[in-house]
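Below are the chains, spelled out letter by letter.
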Amino acid sequence: MGVIEKAGGSVHKIAARRAKKYNKKAETHIAAEQGFKLDYAKFAEAGYYHPDAKASQLALELRAVKRRLLRRIGFLRASGERQSHRMPGRQRNLIMVTSARAGEGKTFSAANLALSLALEDQIETLLVDADVPRPRVRDRFGLAAGPGLTDKLLDPSLSVSSLQYRADQAPLSILAEGGRVERASDLFATDGCQRLLTELSTQTPDRLVIIDAPPVLATTEAVVLAKYVDEIVFVVEANATPEPAVASAIDELLDINPNVSLMLNRCLIGAGGSHYGSYEYYGPGGDMQSTMPPRARTEGVSNGAI
Ligand SMILES: Nc1ncnc2c1ncn2[C@@H]1O[C@H](COP(=O)(O)OP(=O)(O)OP(=O)(O)O)[C@@H](O)[C@H]1O
Ligand SMILES: [Mg+2]
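Residues numbered from 1 in each chain as written. Chains lettered and ligands numbered in written order. Predicted model: local features only at pLDDT ≥ 70, side-chain atom pairs only at ≥ 80, totals over all residues. Heavy atoms only, no water.

Peer 1: Lay out the site of ligand 1 in plain terms, naming residues and giving numbers.
Peer 2: By nearness alone, 14 residues border ligand 1, and Lys 106, Phe 108, Arg 134, Asn 265 and Arg 266 come closest of all. Measuring from an oxygen atom of ligand 1, one finds a backbone N or O atom of Gly 103 at 2.9 Å. Separating a nitrogen atom of ligand 1 from a side-chain N or O atom of Asn 265 is a distance of 2.8 Å. Calculation on ligand 1 without its partners gives an accessible area of 620 Å², and the protein chains cover 80% of this total. With three residues, helix α4 (residues 106-120) is the largest single contributor of residues to the shell around ligand 1. Looking at side-chain class alone, the shell around ligand 1 contains three nonpolar, five polar and six charged residues. (Near = heavy atom within 4 Å. Polar contact = N/O pair within 3.5 Å; in protein donor to acceptor, adjacent residues only side chain to side chain. Areas by Shrake-Rupley, 256 points an atom, 1.4 Å probe, with all protein chains shown as cover. Helix = DSSP H or I, 4+ residues; strand = E, 2+ residues; numbered from the N terminus. Nonpolar A, V, L, I, M, F, W, Y, C, P; charged D, E, K, R; others polar.)

Peer 1: Explain unusual backbone geometry residue by residue, including any values.
Peer 2: The phi dihedral of Gln 122 is positive, around 55 degrees, even though this residue is not glycine. Tracing the sequence through the fold places Gln 122 in the loop between α4 and β3 (125-129). Within the chain, Asn 239 stands out as a residue other than glycine whose phi angle is a positive 60 degrees. Look at Asn 239 and you get exposed, because its relative accessible area is 70%. (Buried < 20%, exposed > 50% of the residue type's maximum accessible area, 1.4 Å probe, protein only.)

Peer 1: Give a detailed account of the packing of aromatic side chains, specifying residues and quantitative values.
Peer 2: Summed over the entire model, instances satisfying the criterion amount to four aromatic pairs. Note on Phe 43 and Tyr 48: the rings are 6.2 Å apart at their centroids and 25 degrees apart in plane angle, and the pair reads as stacked. Looking at Tyr 48, the relative accessible area reads 7%, which means it is buried. (Phe/Tyr/Trp six-rings, centres within 6.5 Å; stacked < 30°, edge-to-face > 60°.)

Written out as structure tokens, the structure is:
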């Protein structure tokens, strides 16, 4: 029996136990499914994107990051115009945000990208909290505890739409982490996870799915998920993440998925400082990879160097 089949076996046992426990809860949840309000004051206080700060440094930097990302997934044409007709079926719309280690700004970056795409560009966006060991999305968006991603993976009969929270003020939905599981990587390695991601990709062709994943070096979840996603945004905390950690995490990802871009977080350059110093393609043919060693990448960028 292969590793994935073994993982599948243990997952099915847990699924049977969890399905019993959650069936009632999930039904209640479907009946009560609903919207939530984006708390702009709370976002402003925490330094997150909010619509009253369209000219803020963060908003400007996110704009540059988004432009590049949307081009890479074919959502924007080279001219900058939005692709008008998306064909039905599997899209290049699954974007995973990860980093080498904990605490480098993955959730901050994933949440801000999602907020800015939905509020500023009115792009339908789904934010998924796949950081099952350290889920933070629920807390940042003020969502109550409830079922989510892991519950859907353990019980495929649950409707994924019923597990999502829908923002009142913008085309933004959230699929939170769900109940705790011992080894999320086993769950992510199942066919069911691949099927779910395909479903999320195809359900709404014009939607972007931003996945907040665990760090690469701490656990294996991000590497497992890297197989299914279209783009990986790798967050590096400027002047904090050790270069060998960045190099080995990126190597692990590139072995599985060549579409890795680098996002330099908390880059303090110039008087006002900056949230994001650079956003560069890292995969084969990307100039970062071929020309600059890691130190030069950190030091050789300026605000909005896109
Ligand atoms: N550029 C930034 N500007 C302001 N605050 C930031 C920035 N980046 C991260 N933070 C804050 O730093 C803390 C850690 O960031 P965050 O939770 O996004 O990291 P993480 O990589 O998701 O951590 P974990 O691995 O624990 O999930 C949070 O309080 C977040 O709001
Ligand atoms: Mg996080």
